[in-house]
Amino acid sequence: MTIFDRSWYGRVLVERVENLATEAQWRRAYDEVKRLRALAGRRGMVVIKLWLHMSHEEQLRRLSAGATTRSSRGS
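Residues numbered from 1 in each chain as written. Predicted model: local features only at pLDDT ≥ 70, side-chain atom pairs only at ≥ 80, totals over all residues. Heavy atoms only, no water.

Chemist: How would you sum up the overall build of the protein chain? Please name residues and give values.
Modeler: Within the protein chain one finds three helices and zero strands. Listed by position from the N terminus, the elements making up the protein chain come as α-α-α. With 75 residues in all, the protein chain has 13% of them scored as buried. (Helix = DSSP H or I, 4+ residues; strand = E, 2+ residues; numbered from the N terminus. Buried < 20%, exposed > 50% of the residue type's maximum accessible area, 1.4 Å probe, protein only.)

And the structure:
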């Protein structure tokens, strides 16, 4: 079993929306994602995609809590 977080979609989602990747870069990344999923399917793997949504307020709360935890550890 392998779990991918959104990182393999970073270029086609986050970087694209925030204008951190050119159109050629995010299109290439999207093609790579599609090829990887197709290869997994041909190899008999089952790909399950889950979507987690949380409000901006909840994201801020979690990020703030993480920053507090990291700073208390000296990171």
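Chemist: Give a detailed account of unusual backbone geometry, specifying residues and quantitative values.
Modeler: Backbone geometry places asparagine 19, a non-glycine residue, at a positive phi of 55°. Within the secondary structure, asparagine 19 sits in the loop between α1 (14-17) and α2 (23-42).

Chemist: Now, about the packing of aromatic side chains: what can you tell me, with residues and values included?
Modeler: For the structure shown, the criterion picks out zero aromatic pairs. For the cation-ring pair, arginine 16 lies above tryptophan 26, with the distance from its terminal atom to the ring centre recorded as 3.6 Å. (Phe/Tyr/Trp six-rings, centres within 6.5 Å; stacked < 30°, edge-to-face > 60°. Lys NZ or Arg CZ within 6 Å of the ring centre and 35° of its normal.)

Chemist: Quick rundown of a nonpolar patch on the surface? Include the residues and the values.
Modeler: A cluster of nonpolar side chains, contributed by Phe4, Leu36 and Leu39, occupies part of the molecular surface with about 260 Å² of accessible area. Examined against the element boundaries, leucine 36 turns out to sit in helix α2. In this structure leucine 36 comes out as partly exposed when scored by relative accessible area, which is 36%. (Patch = residues over 30% accessible without salt bridge, like charges linked within 9 Å, V, L, I, M, F, W, Y side chains within 5 Å. Areas by Shrake-Rupley, 256 points an atom, 1.4 Å probe, with all protein chains shown as cover. Salt bridge = Lys/Arg side-chain N within 4 Å of Asp/Glu carboxyl O.)

Chemist: Which residues make up the nonpolar core, and what are the values?
Modeler: Of all hydrophobic cores here, the largest spans five residues; its members are Tyr9, Val12, Trp26, Ala29 and Val33. Those residues in contact with tyrosine 9, other than ones at most four positions away along the chain, are Val14, Val33, Arg37 and Lys49. (Core = buried A, V, L, I, M, F, W, Y, C linked by side-chain atoms within 4.5 Å. Contact = heavy atoms within 4.5 Å.)

Chemist: Could you give an account of the environment of lysine 49, naming the residues involved and the relevant values?
Modeler: Looking at the element boundaries, lysine 49 is found in the loop between α2 and α3 (56-72). Sequence separation of lysine 49 and phenylalanine 4 is 45 residues, and the distance between their C-alpha atoms is 9.4 Å.

Chemist: How would you sum up the pattern of salt bridges? Please name residues and give values.
Modeler: Following the criterion strictly, the structure yields five salt bridges and no others. Among the salt bridges present, the one from aspartate 31 reaches lysine 34, with a minimum N-O distance of 3.6 Å. On the criterion of helical spacing, the pair formed by aspartate 31 and lysine 34 is a turn pair, its members being three residues apart in helix α2. Glutamate 58 is the partner of arginine 62 in a salt bridge, and the nearest nitrogen-oxygen pair spans 2.8 Å. Placement of both arginine 62 and glutamate 58 in helix α3 is noted, with a separation of four residues, approximately one turn of the helix. Here the salt bridges do not stand alone but share partners, grouping Glu58, Arg61 and Arg62 into one network.

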